[in-house]
Amino acid sequence: MSRSLGRVAAGDTGREQRSPGEEDFRSYYGRRVLKEPVWEWLVPAYLFAGGLSAACAELAAGADLTRRPRLRKAARLGALGGLATSMYFLIADLGRPERFHHMLRVAKPSSPMSVGTWILVAYGPGVGVAAAAELLPARLRRRWPGKLIGALARPAGLASAAVAPGVASYTAVLLSHTAVPAWNEARDRLPFVFTGSAAAAGGGFGMVCTPVDEAEPARKLAAVGAVTELVTSRQLDERLGVVSEAYRTGKAHRLRQWSEYLTAGGALGSLLAGRSRAAAVTSGLALLAGSALQRFGIFEAGVQSTKDPKYVVVPQRRRVDRGEQA
Amino acid sequence: MTVSRESFYGPLDDVSGDAGYTEHPERVGFFTDTSVCIGCKACEVACKEWNLLPDDGFDLLGMSFDNTGELSANSWRHVAFIEQPAPLRESAAAREADAVDLGLPSFDLPGAGTGEETRTDFRWLMSSDVCKHCTHAGCLDVCPTGALFRTEFGTVVVQDDICNGCGYCVSGCPYGVIDRREGDGRAWKCTMCYDRLSDGMEPACAKACPTDSIQFGPLDELRERARQRVATLHERGVTEARLYGEDPNDGVGGDGAFFLLLDEPEVYGLPPDPVVPTRDAGSMWARAGVAAAAFAAAAVSVFFGRSSR
């Protein structure tokens, strides 16, 4: 049947006619009820880069304490690189980027974006100092500022590692704390998808950038993260009622399916990555790509769920008809 | 000012007090009675003029007389037009059975008959939509800069010199009201004419409404008036009349701008049972905390155990 015709009729003839199995619902000329998110690709890119940075900060602190200098260096630089690109994405996505510092005029517990701002403020300096210690040229290390940075690197790295789990997980609340049906309904599961995705990305990064004899913790973190992501991500497809359709269809589905293939492949590859650097690099890259596609897929599902009034009207109407309180 | 559970969800008697005002005027609002809306769009025009809103371009949407489409950064009132078949009421239907009107010219003056006998099996619903100025406003809760604030009148307003266009409010609103303006980058929505209220005047839309479909006043008075209006309509046989957004026990703690509708809300493009996302803030942070703890535990544990070095 013609979907568009059915929808035009919806404004005037009552129940929208849909093919069998589909939900009947009424709407105003089939128009959206909610506004689409104004965010563009920069926001899912931030979700990925922020998660990568957080997992790298964890690996860096662990590598520092267990004396794995090459893993430590790669992870500290990865944490800084991820954070720097995150900052760029976040500021570039603003409607008025030159006013980014207005975020710092309040601390508002009811706004996950404000909470996230302050989490990043707490997280950033430690990452910066730890990475600076790695980048310092040898001749500067003997002067007093170099010595200071060298001495501060470990406490700074540990401080950022303490905040990193917040960086990896708060972004799930950032998305769920909205009226966007696909994100809001996923609120119980999204934190696990996001931290799993972050761990897989950070582990993958460590596998790519570190020789295999030092990369064991990265391989383990990648495997744990990938399995968590795979399991919890599946739940979005199945357990969210009407809203799961936004995850199971269209571009969101394609992005997340590729994410699943790459993440599963990368997780399997990480088992062989202890023996071969080529296998480590290949599976690390697959995990990074899988994590990024997961973020883009979830973002896209949210956008789709605001475009179609079905995702707003059907669950709410059902609740009203059952006489349930919101 | 005390922050309690009620600050985020559920009925809240004193919204301005909860926002920190010690002395403040009564909470004001809109009661939009769609049963007397004639679809003149004077509210849309008055709002545009008073608030100096840019035009949205010339667009014919092919949806009855509605070429505005929806509330947006540049349209703070939006009149919806719904054409639908309506079953004839008993008496009119009986008359219908006797004679079939062929629409031929008659000796009556055009428009002379405006009573029940002129009803057909078709009806037009018209409704002027606006920002709901929620008791628990999703947009206000998530704004990270403090640009959105609660006024002393209990309304919700964006400060354009603070807003940095992060767009969070756009996704935070369960009614799809607030939006970011193209080319400007900031979020805009109805202010309930904050400048006029401060001078003791009613908002431009209510002032311009020729049928008093848009009524402005203290919210408590409006709620009482609305309940009486529904009772009157029910007495007259308009049993489909219902209030939307007046209940302080609903998912947003009640709207500052509520409506009398003649069909289900979704027919007007309104969500049937909106909930402010802040309701679940506690449980969401708790889940994120568990996930963060698991993430930290995993990060620590991967450094223990057999090492291949």
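Given the structure is predicted, the values throughout are model-derived calculations rather than measurements.

**So, the pairing of strand E2 (residues 77-85) of chain B**
Residue and element names in this part refer to chain B. Burial runs high along E2: 7 of the 9 residues are buried. Inspection of the sheet shows E2 paired to strand E3 (residues 122-130) by 9 bridges, in the antiparallel sense. Bridge assignment links His78 to a residue of E3, and that residue is Asp129.

**Re the packing of helix H9 (residues 216-238) of chain A against helix H11 (residues 250-272) of chain A**
Two measures define how a pair of helices packs: the angle their axes make with one another and the distance between the axes. Residues and elements named next belong to chain A. Remark: H9 packs on H11, axes separated minimally by 9 Å, with the N-to-C direction vectors making an angle of 150 degrees. By the angle between their directions, the pair H9 and H11 is classed as roughly antiparallel. As H9 packs across H11, the resulting crossing turns out to be left-handed. Taken together, the residues of H11 that come into contact with H9 (itself represented by Arg219, Ala223, Ala226, Glu229, Leu230, Ser233, Arg234, Leu236 and Asp237) are Arg256, Ser259, Glu260, Thr263, Ala264, Ala267 and Ser270. Residues that form the contact of H9 with H11 fall into these classes: 6 nonpolar, 4 polar and 6 charged.

**A word on the nonpolar core**
Grouped together as the largest cluster of nonpolar side chains are 158 residues, with contacts concentrated most on A:Trp39, A:Tyr123, A:Tyr247, A:Ile298 and B:Leu148. Per element, the largest residue contribution to this core is 15 residues, and it comes from helix H2 (residues 42-65) of chain A. Setting aside chain neighbours within four positions, we find A:Trp39 in contact with A:Asp93, A:Met113, A:Leu175, A:Trp183, A:Phe299, B:Cys166, B:Gly167 and B:Tyr168.

**Details of the sheet that holds strand E10 (residues 257-261) of chain B**
Within a beta sheet, neighbouring strands are joined by backbone hydrogen bonds and run either parallel or antiparallel to one another. All names here are of chain B. A sheet is described by the order of its strands in space; here 4 strands give the open sequence E8-E1-E10-E9, paired in mixed fashion. Edge positions in the open sheet fall to strand E8 (214-218) and strand E9 (242-244), since each of these has one partner strand only. Each strand axis lies, on average, 25 degrees off the axis of its neighbour in the sheet, ignoring direction. In terms of strand pairing, strand E1 (residues 28-33) meets E8 through 5 bridges, oriented antiparallel. Directly across from Phe30, in E8, lies its bridge partner Phe216. Along the sheet face, helix H8 (residues 219-235) touches E1, E8, E9 and E10 and points at about 135 degrees away from the line of E8.

**Points about the UniProt feature "transmembrane region" (unreviewed entry) in chain A**
All names here are of chain A. Here the UniProt-annotated "transmembrane region" (unreviewed entry) positions come out as residues 74-95 and 115-136. Annotated as residues 74-95, this span is 86% helix and 0% strand, and its ends, taken at the C-alpha atoms, are 34 Å apart. Secondary structure within residues 115-136 divides into 95% helix and 0% strand; the distance between the first and last C-alpha atoms comes to 32 Å.

**Remarks on the UniProt feature "transmembrane region" (unreviewed entry) in chain B**
Mapped onto the present numbering, the UniProt feature "transmembrane region" (unreviewed entry) falls on residues 284-304 of chain B. Here residues 284-304 of chain B runs as 86% helix and 0% strand, with 31 Å between its end C-alpha atoms.

**Section: the interface of chain B and chain A**
Contacts between the two partners involve 87 residues from chain B, matched on the other side by 81 residues from chain A. Considering only the side of chain B, the residues that lose the most area to chain A are B:Tyr168, B:Phe295 and B:Phe303, jointly responsible for 12% of the buried surface there. The interface formed by chain B and chain A contains 9 salt bridges. Residue B:Glu264 pairs with A:Arg26 through a salt bridge whose shortest N-O separation is 3.5 Å. At the boundary of chain B with chain A, the tally comes to 33 residue pairs in polar contact (both at pLDDT 80 or more).

**Focus: a nonpolar patch on the surface**
All names here are of chain A. There is a patch of nonpolar side chains on the surface, built from Leu104, Trp118 and Val121 and spanning about 250 Å² of accessible area. Looking at the element boundaries, Val121 is found in helix H4 (residues 112-135). Classification of Val121 as partly exposed rests on a relative accessible area of 39%.

**Examining the confidence of the model for chain A**
Mean pLDDT for chain A: 92, with 93% of residues reaching 70 or above. Within the model, pLDDT remains below 50 along residues 1-21 of chain A, and this stretch shows 40 contacts once partners closer than five positions in the same chain are excluded.

**Side note on unusual backbone geometry**
All names here are of chain B. A positive phi angle, close to 50 degrees, is found at Ser64, a residue other than glycine. Considering the arrangement of structural elements, one finds Ser64 in the loop between helix H2 (42-51) and E2. The phi dihedral of Cys193 falls on the positive side, at around 50 degrees, and the residue is not glycine. Checked against the element boundaries, Cys193 lands in the loop between strand E7 (187-188) and helix H6 (194-198). Take Cys193: its relative accessible area is 6%, and that puts it in the buried class.

What counts, and at which threshold
- Position numbers for residues start from 1 in each chain and track the written sequence from start to end.
- To read the labels, note that chains go from A and ligands from 1, taken in the order they are written.
- Totals for whole chains, interfaces and linings use every residue, but because this is a predicted model, local features are given only for residues with pLDDT of at least 70 and side-chain atom pairs only at 80 or more, for both listing and counting.
- By convention in this description, side-chain values take in all heavy atoms of the structure and omit both hydrogens and water.
- Exposure classes here rest on a 1.4 Å probe applied to the protein chains alone. A residue is buried below 20% of its type maximum, exposed above 50%, and partly exposed in between.
- Strands here are runs of E lasting at least two residues and helices are runs of H or I lasting at least four, both read from the DSSP assignment and numbered beginning at the N terminus.
- For two strands to be treated as a pair, DSSP must find no fewer than two bridges joining them.
- Note on definitions: angles span 0 to 180 degrees between N-to-C directions of axes, and those axes are lines fitted to C-alpha atoms, for helices only across the stretch in contact.
- Each angle receives one of four descriptions, namely roughly parallel if under 35 degrees, roughly antiparallel if over 145, roughly perpendicular if within 65 to 115, and oblique otherwise.
- Two helices cross in a left-handed way if the nearer one is turned anticlockwise from the farther one by less than a right angle. They cross in a right-handed way if the turn is clockwise.
- Whether two residues touch is decided by their heavy atoms; if any such pair falls within 4.5 Å, the residues are in contact.
- Residues are grouped as follows: Ala, Val, Leu, Ile, Met, Phe, Trp, Tyr, Cys and Pro are nonpolar; Asp, Glu, Lys and Arg are charged; every other residue, Gly included, is polar.
- Nonpolar core, defined: a set of buried Ala, Val, Leu, Ile, Met, Phe, Trp, Tyr and Cys residues in which side-chain atoms within 4.5 Å join the residues together.
- UniProt positions are given in the numbering used here, feature names are shortened, and annotations may be inferred rather than shown by experiment.
- In short, buried area is how much 1.4 Å probe accessible area vanishes from two parts on joining, totalled over both.
- Whenever Lys or Arg places a side-chain nitrogen within 4 Å of a carboxyl oxygen from Asp or Glu, that contact is recorded as a salt bridge.
- Nitrogen and oxygen atoms within 3.5 Å of one another constitute a polar contact, given that in protein one can donate a hydrogen and the other can accept it, and given that sequence-neighbouring residues count only through two side-chain atoms.
- Patch members must show over 30% relative accessible area and no salt bridge, and they are joined within 9 Å when carrying like charges or within 5 Å when they are nonpolar side chains of Val, Leu, Ile, Met, Phe, Trp or Tyr.
- The accessible surface values rely on the Shrake-Rupley method and a 1.4 Å probe; as for residues, cover is taken only from the protein chains in view.
- Per-residue confidence from the predictor is reported as pLDDT, which spans 0 to 100.

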